[in-house]
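In case you want the letters, here they are:
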Amino acid sequence: MERFHAAESRDQACLGYAEARKGSDEIQRLVNRFLDYVSFDTQSSEECDDCPSSPKQLVFARHLAHQLEELGLDDVVMDDMGYIYATLPSNVPSNVPTIGFISHYDTSPDCSGADIKPRIVHNYDGGDIVLSAEDRIVSSPKQFPEMLHHVGEDLIVTDGHTLLGADDKAGIAEIVEAMLYLMEHPEIPHGTVRIAFNPDEEIGRGAHQFDVERFGAEWAYTMDGSEVGELEYENFNAASATIHVRGLSVHPGYAKGKMLNAATIATAFAQAMPASEVPEQTEGYEGFYHLTGIKATVEEATLSYIIRDHDRQRFEERKQFVAELAAQFAARYGAGSIQADINDSYYNMKQQLEGKEHVIDIARRAIEEAGMECKELPIRGGTDGAQLSFKGLPCPNIFAGGLNFHGRHEFVPIQSMVKAMHTVVNICRIVAE
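An account of the accompanying structure is given in this report.

Calculation criteria
- Residues numbered from 1 in each chain as written.
- Predicted model: local features only at pLDDT ≥ 70, side-chain atom pairs only at ≥ 80, totals over all residues.
- Heavy atoms only, no water.
- Helix = DSSP H or I, 4+ residues; strand = E, 2+ residues; numbered from the N terminus.
- Buried < 20%, exposed > 50% of the residue type's maximum accessible area, 1.4 Å probe, protein only.
- Contact = heavy atoms within 4.5 Å.
- Pairing = 2+ DSSP bridges.
- Axes fitted to C-alpha atoms, helices over the stretch in contact; angles between N-to-C directions.
- Phe/Tyr/Trp six-rings, centres within 6.5 Å; stacked < 30°, edge-to-face > 60°.
- Lys NZ or Arg CZ within 6 Å of the ring centre and 35° of its normal.
- Salt bridge = Lys/Arg side-chain N within 4 Å of Asp/Glu carboxyl O.
- Parallel < 35°, antiparallel > 145°, perpendicular 65-115°, else oblique.
- Left-handed = near helix turned anticlockwise from the far one by under 90°.
- Nonpolar A, V, L, I, M, F, W, Y, C, P; charged D, E, K, R; others polar.
- Core = buried A, V, L, I, M, F, W, Y, C linked by side-chain atoms within 4.5 Å.
- 1 Å grid on protein atoms, 1.4 Å probe; cavity = no way out; pocket = protein on both sides within 12 Å on 5 of 7 lines; lining within 4 Å.
- Points joined across faces, edges and corners; volume = space filled by probe spheres on them.
- Lys, Arg positive; Asp, Glu negative; His and termini not counted.

### Quick notes on the overall build of the protein chain
Item 1. Regarding its fold elements, the protein chain presents ten helices and 17 strands.
Item 2. Counting only C-alpha atoms and orienting by the principal axes, one finds that the protein chain spans roughly 80 × 55 × 40 Å.
Item 3. Looking at the protein chain as a whole, 54% of its 433 residues are labelled buried.
Item 4. Sequence separation of at least 24 residues holds for 79% of the intrachain contacts in the protein chain that already meet a minimum separation of 6.

Here it is as structure tokens:
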């Protein structure tokens, strides 16, 4: 039933867009493809260690793999874990490098991805967009000023009850349409192009089972960025920290000098962390500590943190700070009362791209030739491309066009998707030239 409603909403949106934009087959096909993709619920799960982390991701993966075969791409393979690989053969001499494009198809666990009902706001006027009148859910440029960058454009929005899934099904649609565009325009030179689509990026595991050797590209680009024109080749160094607190429960009427309240200790630890070095008070290259969860009783408590910094030395200092703070608390409350488990997640890809500046230069030129200013920004987060770069596949990140990811106010301008698609085409052409 959920798929029926999502498809019904998708068809209504397609009809509305077709009516408003007759004659633009290329754009309509891109929009239709994107709306088809978001009709599938592909939310990943941090609670499961399987790959993919949710069986419903495989439903979409099979649909996508079958579609790639029908479209005429070569070497379409989907492995048991849902990683999809395919090839667009070269139409030029064989000395052109093989390059690749990658996107993930899972959506964030932070917001429901089931029964998505997208609609298109044509010629956005710069005002509030009512997503759900009944529930008074409104996207306002007062809260989301980036909306004003897209006045006059056509925005695909949600109904206010789910995320949209532009992260990263917009990227998939753009890559697939770019491959079709090259197939339909054989006069555009291109070498062998490899494409791949994977699960579980939103929970940090998208690159874990990615077969770089099978992919066989000299370098690649993830289409997983945000605002139009963005090119990202710097990201956070990242670690997770879990603070385990062991308490001692005693009847509260007779607890003096005996009780060790794990919940109280956990609260004190959180208060001892730097109050200004948190996501809501940092930007640009500034790192942070982010408390993502607390579970606490008198007997035991757990605090979950993520640690982020662009600078590797400062990143190491941040991890050391957490470890030393845990040691101080253990000394105060007794050995074994508190323990910190700190594990690295990924590193800044910039160091892996040193000496490979042509990979960035080509993307910069492709963006500019698609009519945009290239905006080179550090990623305040992670990307599959960072992990892939450390696995030997240099992989900067290019915009896919979506904004306000992971929530009900997510939207994507259709014009941004078109520019992203042409950026892919331009990269393929420039590499061949």
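The structure having been displayed, the exposition proceeds.
### What about the sheet that holds strand β12 (residues 288-296)?
Item 1. Taken in spatial order, the four strands make up an open sheet running β12-β13-β11-β14, and their pairing is antiparallel. Looking at strand neighbours, the two that pair on one side only are β12 and β14 (338-346), the edges of this open sheet. Strand after strand, the sheet turns through a mean of 15° between neighbouring axes, direction not considered.

### Structural notes on the packing of aromatic side chains
Item 1. Across all of its chains, the model carries 15 aromatic pairs by this definition.
Item 2. Three or more aromatic residues joined by ring pairs make a cluster, and in this case those are Y37, F40, F60 and Y105.
Item 3. Here the basic side chain of R318 rests over the ring of Y289, its NZ or CZ set 4.9 Å away from the ring centre.
Item 4. Geometry around F329 places R332 over its ring, the cationic atom sitting 4.6 Å from the centre.

### Remarks on the pattern of salt bridges
Item 1. For the structure on display, the rule yields 19 salt bridges.
Item 2. K350 is the salt-bridge partner of E234, the closest N and O atoms lying 3.8 Å from each other. Of this pair, E234 sits in the loop between β10 (230-232) and β11 (237-246) while K350 is found in the loop between β14 and α8 (357-369), placing the two residues 116 residues apart along the sequence.
Item 3. Ionic pairing is found between D344 and K319, a salt bridge with its closest N-O pair at 2.7 Å. Here K319 lies in helix α7 (residues 312-333) and D344 lies in strand β14, a separation of 25 residues in the sequence.
Item 4. Classification of D344 as partly exposed rests on a relative accessible area of 34%.
Item 5. Taken together, the salt bridges that share partners define one network made up of E277, D309, R314, E317 and R318.

### Let's talk about the packing of α8 against helix α10 (residues 414-432)
Item 1. The contact between α8 and α10 brings their axes to 8 Å, and the two run at 125°. One way to sum up the angle between α8 and α10 is to call them oblique. Seen from above, α8 lies across α10 with right-handed handedness. Across from I362, A363, R365, A366, I367 and E369 in α8, the residues of α10 making contact are T423, N426, I427, R429, I430 and V431.
Item 2. In terms of residue class, the contact of α8 with α10 is made up of seven nonpolar, two polar and three charged.

### Section: the pairing of β11
Item 1. Sheet analysis places β11 next to strand β13 (residues 300-309), joined by ten bridges and oriented antiparallel. Bridging across to β13, R246 finds its partner in E300.
Item 2. Relative to β14, β11 runs antiparallel, the two being bridged by eight bridges. Within β14, the position partnered with S240 by the bridge is N343.

### Quick look at the nonpolar core
Item 1. Residues F34, L68, F101, M179, I195, F197 and I427 are the most contacted members of the largest nonpolar core, which totals 76 residues.
Item 2. At twelve residues, the largest contribution of residues to this core is made by α10.
Item 3. Look past the residues within four positions of F101 in its chain and what remains in contact with it is I175, V193, R194, I195, A196, F215, A220, Y221, V424, I427 and C428.
Item 4. If you look at the next biggest cluster of nonpolar residues, it comprises 21 residues, including Y289, F315, L325 and I338.

### Quick word on the sheet that holds strand β17 (residues 411-413)
Item 1. Across the sheet, three strands lie side by side as β4-β7-β17; this open sheet has antiparallel pairing. Of all the strands in the sheet, just β4 (119-121) and β17 have a single pairing partner and so form its edges. Pairs of neighbouring strands in the sheet enclose a mean axial angle of 30°, with direction left out of account.
Item 2. Judged from the three bridges that link them, strand β7 (residues 155-157) and β17 form a sheet pairing that is antiparallel. Looking at the pairing, I156 lines up with V412 of β17.

### Digging into the layout of surface pockets
Item 1. Put simply, the second largest pocket is a space of about 190 Å³.
Item 2. Counting residues per element, the lining of the second largest pocket draws most heavily on β12, which supplies three residues.

### Here we look at the side chain of E201
Item 1. Position of E201 relative to the elements: it lies in the loop between β8 (193-198) and α5 (212-215).
Item 2. It turns out E201 is buried and unbridged, and the closest side chain with the opposite charge, R308, is 10 Å from it.
Item 3. Once residues within four sequence positions are removed from consideration, E201 is found in contact with H104, D106, G206, D224, G382, T383 and D384.

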